[in-house]
Amino acid sequence: MNIDFGSELDAFRNKVAAFLDEAPTPAIREAGRKTTSAFPPFEEAQAWLAILIEKGWAAPGWPKEYGGTGWSVEQRYIFEEEYRKRDLPPLLPNSLKMVGPLLIDLGTEEQKSKYLPRILSGEDYWTQGYSEPNSGSDLASLSCRADPDGDDYVINGSKIWTTLAYKSNRLRMLVRTDSDGKKQQGITFLLLDRTDYPGMETRPIDGLDGFPECCEVFFDNVRVPQSGRVGEENDGWSVAKHLLTHEREVSASSPALKRYIERIREVAKAEPCPFGETLADDAVFQRTLGELEAEIASLEHFEKLAISGHDISLDPALPSMTKIMNSELVQRESDIMRQLSGLEGLSLELEAIRVGSNVLPMDSDMDLISMPFYLKSHATTIYAGTNEIQRDLIARTLPAG
Amino acid sequence: MDFSFTEEQQMLRDSVLRLLQQKYDFDTRQAIVKSDQPWSPEIWEAFCELGLLALQFPEEKGGFGGSITDTVAIAKVFGKHLLVKPYVSSVVLTGSILAASNNPSAVTHHSNILSGEKTVAFAYEEGRGTPDPRLVTLSARKTEDGFKLNGEKRMVLGAGQADLLIVSTRIEGTAGDANGLALFMVDPSRDRLTITSFQTIDGRTAANLRFDDVDLPSENLLDLDAFDVIESVISRAIITLCAEAVGAMGALLKITSEYASTRKQFGTPIGSFQAIAHRMADMKIAYTKARSTMIYTTALAEAGETKTRDISILKGQIGKLGKSIGESAIQIHGGVGMTDELSVGHFHKRLLAVDTLFGDSEYHLRLLGTE
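Residues numbered from 1 in each chain as written. Chains lettered and ligands numbered in written order. Predicted model: local features only at pLDDT ≥ 70, side-chain atom pairs only at ≥ 80, totals over all residues.

Caption draft 1: Region of the structure containing the overall build of chain A. Of the regular secondary structure elements, chain A holds 12 helices and 10 strands. In terms of C-alpha radius of gyration, chain A reaches 22 Å, essentially the compact-globule figure of 21 Å for 401 residues. Principal axes of the C-alpha set define a box for chain A whose edges measure 75 × 50 × 50 Å. Counting across all 401 residues of chain A, residues that qualify as buried make up 45%. Within chain A, residue pairs in contact and separated by at least 24 positions form 71% of the contacts whose partners lie at least 6 positions apart. (Helix = DSSP H or I, 4+ residues; strand = E, 2+ residues; numbered from the N terminus. Rg over C-alpha atoms; globule rule 2.2 N^0.38 Å. Buried ≥ 20, exposed ≤ 12 C-beta atoms within 10 Å, placed from the backbone. Contact = placed C-beta atoms within 7 Å.)

Below is the structure:
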């Protein structure tokens, strides 16, 4: 065993730190401070993507030949750490962390050359059409239909929780192409070149924070080319399962969680406590924060073991375990932030939280985001397979399962 | 022992329930919250006609001599309908303060509340929260012909619309002292008083207030040595808010269990899965505990026997249990529970707001342990 990242990596860390100190515009930094979920403010996240593309650092997770950085796992971890320390907005995940890796693994050469460069140039943003109003946890029961017609499919039905669909120009989706036999067979994976084909309609859905992050997309005889299919017809379930492993392993979530602990500490140092001097001096608060820190540390250790290639990474339950640990820690952490904000979390500040509004928050930056962050954190135990479903999956990896 | 509502109280509750069922369904509520109006004047008028604004006050003050139990009976209905009204701020809090005062203009202001003509807001909390009146710091300094107020108040419910503010201040001593607190009547249009109005996450209106050398004449002083008055009206407000919360919790349990019995995945209602069924069982246990403590504390209060501890038990439990019920309701609803369109998230936000006002569950549970 060797715990060190290696001293040669200090230079790398310094290089990353210097760039991240320098490159983001004020609007991008503002968007980072106002980020309340895995989906940061769209325009600023895309502007930041353009800067990282220019630098060649937009897709550390991609193989070098497709435009990745060629960094080691240690370097990628260092990048994530330095990134999070600066409260920069995360890049929007759908294209870079899902569609890109999927096409690299399973796309045709034509699909790769058509789509990958446009993801890495920031021209395309992909939304995801999986869930339907009646198919959530039971995704394989989906009924949005695609009927072959010549070189095309004709799509009818609807998709829901299509994140940022109203900002996206492309859509990847699962459709039903065969209703006989097992429900998992008969699903096909499609890439749509447009989100505004004739017959398509997108309805943004306001979330608990008052802003639309998710949408519902309706299809009424929408004609799309069959060349957008990934894998074989009726084999979309295995494509989707492959992609889900990418969605669930959005790796190294601990640096973000650790940064929030720092922000909590900063506020607690100045916050008077009814039971003592400041909240930071308060034993109960210390115990709460201490437990959370230890939990985050264990997640960090797990993540580091996993990315280093330790045996633990071979556990088939890894994606589900990571998802549960991360989502439930995000919820606990955001809940502590909400409690800490107290009354300041109760004001609805829709203008102040909008990037570029020039409206000051009524109290601190943390107070501005703590309530929306807490409310939206509840999506994390629902999306990408509810935590109930994940626990079922984990249980199945045990002898009695 | 008898913990049931009287026949009169049931009739009162039912008439409020009928009114809100007819005129205040969820969509109507949402339309009001999203409009420029802070609340529905029609409902406020109906409340006045039903006698709700006068309900809790003694007959010699123009009221109906109702008990805290009467208020609790109707507040549960408010919670069930996610009511947005200045009832707690104007009637329960400031109405009680004015009713207890002998200041001649207090009498006028009080009757204006009862007639539904005017509303009054209670400027009490400071910073990220003021769970104990001893922590009030807004300063009132004696001048030659009155007082000078300096400091800030936060999250003053109904302040943007109020015709009058009642402000808790510190005349002497420092944060932590029960002595040295005073209550003042303040006209919202007073010079050097800045009022920043906003909406709360649960649809109410509130404001932050800043006092920069605000001069007040001596006759605006309502109460010196105001600790007992403040503590007593806050206890009353806590009981009322907790009754609202219990109403909201009951609604969430009902909505969620109905959803789980009709929403099918894997060919069967999701409520039949043990993971969901057990979570709903826990919601029911939480609701039962909250309801029991609510009713018991109300009976204590009616008997005049509530101590600080009892209020802390109530506020601590309702805050903690309400939050767990709200979070479970969202999780069981899945994606739709995360939308603004369903009532579920709005109930949860109401429960969070109730928890946060006048000291959250963390504070009250902690207080219990330290006594």
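Let's pick the thread back up.
Caption draft 2: Seen up close, the overall build of chain B. Along the backbone of chain B there are 11 helices and 10 strands. The C-alpha radius of gyration computed for chain B amounts to 21 Å, which stays within 12% of the reference 21 Å derived for 371 residues, consistent with globular compactness. If one aligns the C-alpha atoms of chain B with their principal axes, the spans along those axes are about 80 × 45 × 45 Å. By residue count, 53% of the 371 residues in chain B fall in the buried class. The long-range fraction of contacts in chain B, counting pairs at least 24 apart against all pairs at least 6 apart in sequence, stands at 72%.

Caption draft 3: Quick look at the interface of chain A and chain B. Counting residues at the interface gives 33 residues for chain A, matched by 32 residues for chain B. Counting residues per element, the ones that place at least two in the side of chain A that touches chain B are strand 6 (200-206), helix 10 (318-341) and helix 12 (387-396) of chain A. A class-by-class count of the residues in the side of chain A that touches chain B yields 14 nonpolar, 13 polar and 6 charged. (Nonpolar A, V, L, I, M, F, W, Y, C, P; charged D, E, K, R; others polar.)

Caption draft 4: Expanded view of the confidence of the model for chain B. Per-residue confidence for chain B gives a mean pLDDT of 97; residues scoring 70 or more make up 100%. Interface confidence in the predicted complex, given as ipTM, is 0.95; pTM for the same model is 0.96. (pLDDT = per-residue confidence, 0-100.)

Caption draft 5: Focus on the packing of helix 4 (residues 73-85) of chain A against helix 8 (residues 254-270) of chain A. Residues and elements named next belong to chain A. Taken N-terminus to C-terminus, the directions of helix 4 and helix 8 make an angle of 30 degrees; their axes are 9 Å apart at the nearest point. As judged from the angle between their axes, helix 4 and helix 8 are roughly parallel. Crossing angle aside, the handedness with which helix 4 passes helix 8 is right-handed. Residues Glu80, Glu81, Arg84 and Lys85 of helix 4 lie in contact with helix 8, whose contacting residues are Pro255, Ala256 and Arg259. (Axes fitted to C-alpha atoms, helices over the stretch in contact; angles between N-to-C directions. Parallel < 35°, antiparallel > 145°, perpendicular 65-115°, else oblique. Left-handed = near helix turned anticlockwise from the far one by under 90°.)

Caption draft 6: Inspection of the nonpolar core at higher detail. In terms of nonpolar packing, the biggest core is built from 200 residues, with Ala123, Val156, Ile166, Phe184 and Cys242 of chain B touching the most fellow members. Tallying contributions element by element places helix 7 (residues 227-262) of chain B first for this core, with 16 residues. (Core = buried A, V, L, I, M, F, W, Y, C linked by C-beta atoms within 7 Å.)

Caption draft 7: Spatial organisation of the environment of Asn102 of chain B. Structurally, Asn102 of chain B can be placed in the loop between helix 5 (87-100) and helix 6 (104-114). Along the backbone, Asn102 of chain B and Asp223 of chain B are 121 residues apart, and their C-alpha atoms lie at a distance of 9.2 Å.

Caption draft 8: Region of interest: the pairing of strand 2 (residues 139-143) of chain B. Residue and element names in this part refer to chain B. Both strand 2 and strand 3 (residues 146-157) contribute to a ladder of 5 bridges, which runs antiparallel. Directly across from Ser139, in strand 3, lies its bridge partner Asn150. As consecutive antiparallel partners, strand 2 and strand 3 are separated by 2 residues. (Pairing = 2+ DSSP bridges.)

Caption draft 9: Local environment of unusual backbone geometry. Residues and elements named next belong to chain B. Backbone geometry at Asp225 places phi at a positive 45 degrees, although glycine is not the residue there. Residue position: Asp225 is located in the loop between strand 8 (221-224) and helix 7. The phi angle at Phe358 is positive, at roughly 55 degrees, despite the residue not being glycine. With respect to the helices and strands, the residue Phe358 is situated in the loop between helix 10 (343-356) and helix 11 (361-370).

Caption draft 10: Quick peek at helix 8 (residues 274-302) of chain B. Residues and elements named next belong to chain B. Between its first and last C-alpha, helix 8 extends 41 Å over 29 residues, near the 42 Å set by a 1.5 Å rise per residue. Buried residues of helix 8: Ile276, Arg279, Met283, Ala286, Ala290, Thr293, Met294, Thr297, Thr298 and Ala301, and no others. As for helix 8, its buried residues are in contact with helix 4 (68-80), helix 7 and helix 9 (308-333). Among the residues trailing helix 8, Gly304 stands out with phi positive, at a value near 70 degrees. (Expected span 1.5 Å × (residues − 1).)

Caption draft 11: Inspection of helix 1 (residues 7-23) of chain B at higher detail. Residues and elements named next belong to chain B. The end-to-end C-alpha separation of helix 1 is 24 Å, in line with the 24 Å expected for 17 residues at 1.5 Å each. Taken together, the buried positions of helix 1 are Leu12, Val16 and Leu20. All buried residues of helix 1 lie within an arc of 65 degrees about the axis, which places them on one face of the element. Exposed side of helix 1, more than 90 degrees from the buried face: Glu7, Gln10, Met11, Asp14, Arg18, Gln21 and Gln22 are the residues found there. Its buried side turned inward, helix 1 meets helix 3 (41-50) and helix 4. (Arc of directions from axis to C-beta.)

Caption draft 12: Spatial organisation of the packing of helix 5 (residues 93-106) of chain A against helix 6 (residues 109-120) of chain A. Residue and element names in this part refer to chain A. Contact geometry for helix 5 and helix 6: axes closest at 10 Å, N-to-C directions at 160 degrees. Between helix 5 and helix 6, the angle falls in the class roughly antiparallel. The hand of the helix 5/helix 6 crossing is left-handed. Across from Ser95, Leu96, Val99, Gly100, Leu103 and Ile104 in helix 5, the residues of helix 6 making contact are Gln111, Lys112, Tyr115, Leu116 and Ile119. Split into classes, the residues belonging to the contact of helix 5 with helix 6 amount to 7 nonpolar, 3 polar and 1 charged.

Caption draft 13: Region of interest: the pairing of strand 7 (residues 212-225) of chain A. Residues and elements named next belong to chain A. Bridge count for strand 3 (residues 152-160) against strand 7 is 8 bridges, and the pairing is antiparallel. For Ile155, the partnering residue across the bridge sits in strand 7 and is Val222. Alignment of strand 6 against strand 7, held across 7 bridges, turns out to be antiparallel. By the bridge assignment, Asp206 is partnered in strand 7 with Pro212. Counted along the chain from strand 6 to the antiparallel partner strand 7, the turn is 5 residues long, and its residue Gly210 has a positive phi close to 95 degrees.

Caption draft 14: View of the environment of Met1 of chain A. Residue and element names in this part refer to chain A. Among the structural elements, Met1 can be located in the segment before helix 1 (8-22). For Met1, a count of 4 C-beta atoms within 10 Å puts it in the exposed group. Once the C-alpha coordinates of Met1 and Lys183 are considered, the two residues, 182 residues apart in sequence, prove to be 46 Å apart.

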